[in-house]
Amino acid sequence: MLEVAQSDQGGAWWSRFAAPARFFPLAGRLIPPLFVLSAVLAAVGLYIGFMVAPTDWQQGEAYRIIYIHVPAAWMSMLIYLAMAFWGVLTLVLRTRLSAMMIHALAPTGAWMTFLALWTGAFWGRPTWGTYWVWDARITSELILLFLYFGVIGLRASIDDERKADKACALMSIVGAVNIPIIYFSVKWWNTLHQGASVSLTAAPKMAQTMLSAMLIMTLAAWLYSVASSLVRVRSLIIEREPFQAWEPPSVGAGLRIGAEHSRSGA
Amino acid sequence: MKDHSFYLAMSYAAPVVVVVIEAFRLQQQRRLALRTRALERAAAPQDDGTGASTQSLPGHAPAFNEALEAVQEAHHPQGHQPAFGRSQPAADAALTRADRL
């Protein structure tokens, strides 16, 4: 509560939400629309991807794995960068929420990385003739999965919360070095993995409908990642700050009265 | 053109499985967090006279409030809720009930 009062007195508007007491209800309000929007966008993206977008002349129907593979791969990198960002805030500003964000993002990031590798394998088999190859892009993505496991494992292995937070923050920052390696691996090395189909500096190398479906699916994956991370961070706040009154007092009073009734009834 | 339906099915089944597992894990984590909070609140000194309550878990399932009460009964049989004074076996039973919830 003291933290909320202090944040009210000054500082940037966004810093007000660094206090778990303010962030908790805000996240609670955001979660349902984020999940719903994510589901709607995924449905739209899949409809365009399967019903509107044409079949690839070279890869046939197998190319449609792109609508899962690329969003998952992008999310795997983006989430790790977000973790590194929260890691910097954890070490510099020492805000409690930033450390919780790292812990909340890591499992979703790990799932996204797993999905990228899994779908990549099932895309590689019909197009390259193999599920796996020790290619620079694929290997660096696998290292990213291990980095996620590292952050999750590090937190689980250190009892002292503050030490665990610092260790995870540091690992998130150091591990972020791998992100440009993943992204530029197809340029730096001669890889079996194809180069980027979408670039900010060049025209897309795919049909407009394919690109639209892929971008919509990416947005859906992003919204899903944000929503699931918010659910997780709310659980972390509950767990770590058990003596904070997150709920409006009137609601609490009502339930306490209800509890009294049930006791007297028994 | 070869039939790629197996690869497509395997690829599209994965996110469905992931979403289901993650939903389950999120639910499980939330329940654990609520339980931890309930235990910590129950173990802490109660009612300091300021009017601030550490007793209830508003906004959550009634079942969990019941579990919290069970835990509180077990931890504070002689606490500030004299109506809940119970013997140790009864307290253990309450904790077991809370565990099940």
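Residues numbered from 1 in each chain as written. Chains lettered and ligands numbered in written order. Predicted model: local features only at pLDDT ≥ 70, side-chain atom pairs only at ≥ 80, totals over all residues. Heavy atoms only, no water.

Things to note about the overall build of chain B
Move 1: Each helix and strand in chain B was counted, giving 3 helices and 0 strands.
Move 2: Its helices and strands in sequence order give chain B the pattern α-α-α, from N to C terminus.
Move 3: For chain B, the share of sequence-separated contacts (at least 6 apart) that also reach a separation of at least 24 residues comes to 57%.
Move 4: With the model as given, the accessible surface of chain B reaches about 5700 Å², and the carbon-plus-sulfur share is 61%. (Helix = DSSP H or I, 4+ residues; strand = E, 2+ residues; numbered from the N terminus. Contact = heavy atoms within 4.5 Å. Areas by Shrake-Rupley, 256 points an atom, 1.4 Å probe, with all protein chains shown as cover.)

Structural notes on the environment of Leu192(A)
All names here are of chain A.
Move 1: Following the sequence through the fold, Leu-192 ends up in the loop between helix H7 (178–188) and helix H8 (208–240).
Move 2: The class for Leu-192 is partly exposed, based on a relative accessible area of 43%.
Move 3: Expressed as a C-alpha distance, the spacing of Leu-192 and Trp-134, which sit 58 residues apart in the sequence, is 9.2 Å.
Move 4: Apart from residues lying up to four places away in sequence, Leu-192 is in contact with Trp-128, Val-133 and Asp-135. (Buried < 20%, exposed > 50% of the residue type's maximum accessible area, 1.4 Å probe, protein only.)

Side note on the nonpolar core
Move 1: The biggest cluster of nonpolar side chains holds 32 residues, and the ones touching the most others in it are Ile79(A), Tyr80(A), Met83(A), Met112(A), Tyr148(A) and Val151(A).
Move 2: Secondary structure elements with two or more residues in this core: helix H3 (66–92), helix H4 (96–128), helix H5 (136–157), helix H6 (161–175), H7 and H8 of chain A together with helix H1 (5–43) of chain B.
Move 3: For Val151(A), the contacting residues outside a window of four places in its chain are Tyr80(A), Met83(A), Ile102(A), Ala106(A), Cys168(A), Met171(A) and Ser172(A).
Move 4: With 22 residues, the next largest nonpolar core counts Leu223(A), Ala227(A), Leu230(A) and Leu26(B) among its residues. (Core = buried A, V, L, I, M, F, W, Y, C linked by side-chain atoms within 4.5 Å.)

Some remarks on H5(A)
Since one α-helical turn is 3.6 residues long, residues separated by three or four positions face the same way.
Residue and element names in this part refer to chain A.
Move 1: For H5, which comprises 22 residues, the first-to-last C-alpha distance of 30 Å matches the rise-based estimate of 32 Å (1.5 Å per residue) to within 8%.
Move 2: For H5, the full list of buried residues reads Arg-137, Ile-138, Ser-140, Glu-141, Leu-142, Leu-144, Leu-145, Leu-147, Tyr-148 and Val-151.
Move 3: Of the surrounding secondary structure, the elements contacted by the buried residues of H5 are H3, H4, H6 and H7.
Move 4: For H5, the N-terminal cap is Asp-135; the gap from its side-chain oxygen to the backbone nitrogen of Arg-137 is 2.9 Å. (Expected span 1.5 Å × (residues − 1). Polar contact = N/O pair within 3.5 Å; in protein donor to acceptor, adjacent residues only side chain to side chain.)

As for unusual backbone geometry
Move 1: One non-glycine residue, Arg94(A), adopts positive backbone phi at about 55°.
Move 2: What makes Arg94(A) exposed here is its relative accessible area of 61%.

Looking at the environment of Ile152(A)
Residue and element names in this part refer to chain A.
Move 1: Tracing the sequence through the fold places Ile-152 in helix H5.
Move 2: You can call Ile-152 partly exposed: its relative accessible area is 34%.
Move 3: With 26 residues separating them in the primary sequence, Ile-152 and Asn-178 have C-alpha atoms 17 Å apart.
Move 4: Setting aside anything within four residues of it in sequence, one finds Ile-152 in contact with Ala-106, Pro-107 and Ala-110.

Here's the deal with the confidence of the model for chain A
Detailed reading of the predicted coordinates is not advisable wherever pLDDT falls low.
Residue and element names in this part refer to chain A.
Move 1: Averaged over every residue, the pLDDT of chain A is 84; residues scoring 70 or more account for 83%.
Move 2: The spread of mean pLDDT over the elements of chain A runs between helix H9 (residues 249–265), the lowest at 38, and H3, the highest at 96.
Move 3: For the stretch residues 1–10, pLDDT sits under 50, and the model shows 15 contacts to residues farther than four places along the chain or on other chains.
Move 4: A low-confidence stretch, residues 248–266 stays under pLDDT 50, and its non-local contacts, those more than four residues away or across chains, total 17 contacts. (pLDDT = per-residue confidence, 0-100.)

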